[in-house]
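Topology and contacts: notes
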Amino acid sequence: MSSAPIDKSKLYVNAIATPLAGDKLERKLLRLTKKIIQQKGVKRGVKEVGKAIRKGVEGIVIFAADVSPADVISHLPVQCERKDLPYIFVRSRAELGLAASTKRPTSVIMLTLKNGGGSIEDKFNKLKERIAQYN
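In this report, we go over the structure that sits alongside the text. (Residues numbered from 1 in each chain as written. Predicted model: local features only at pLDDT ≥ 70, side-chain atom pairs only at ≥ 80, totals over all residues. Heavy atoms only, no water.)

Focus on the overall build of the protein
Across its full length, the protein carries 5 helices and 4 strands. Its C-alpha atoms give the protein a radius of gyration of 14 Å, within 12% of the compact-globule value 14 Å for 135 residues. Each principal axis of the C-alpha atoms in the protein carries an extent, and together these give about 40 × 30 × 25 Å. Evaluated residue by residue, the protein yields a buried proportion of 43% over its 135 residues. For the protein, the proportion of contacts with a sequence separation of at least 24, taken over those separated by at least 6, is 82%. For the protein, the computed accessible surface area is about 7700 Å², with 48% contributed by carbon and sulfur atoms. Separation between the mean location of the 26 positive side-chain charges and that of the 13 negative ones in the protein comes to 6 Å. (Helix = DSSP H or I, 4+ residues; strand = E, 2+ residues; numbered from the N terminus. Rg over C-alpha atoms; globule rule 2.2 N^0.38 Å. Buried < 20%, exposed > 50% of the residue type's maximum accessible area, 1.4 Å probe, protein only. Contact = heavy atoms within 4.5 Å. Areas by Shrake-Rupley, 256 points an atom, 1.4 Å probe, with all protein chains shown as cover. Lys, Arg positive; Asp, Glu negative; His and termini not counted. Charge placed at Lys NZ, Arg CZ, Asp CG, Glu CD.)

Structure follows, in structure tokens:
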């Protein structure tokens, strides 16, 4: 997999992709995802994230805005709102998959904290509060 930057202006963004993260927030989220991967605190994919939401797991849900058809993930933002979980969309599922250490593009991930994250916990909570303002 090449790490060449993706021209985000040419990416498809589906109609339900609200709130959409700006470039700076998106970079912070993807960097945090790479750090939380090491703690094994990431749920990947529609089935795994949906199950975690239903069970009441606390965290941040990150959706890819270029998922087509949108019906694949359209039920998850509603579930997040019911459980008061902060969620946000990033432009590229390829970058989301790369940050989540998968070989394939990923449509949705959930970041959770495992036992005491230290500085990661501080960054996680700041981003969680910032995303919660959008919802």
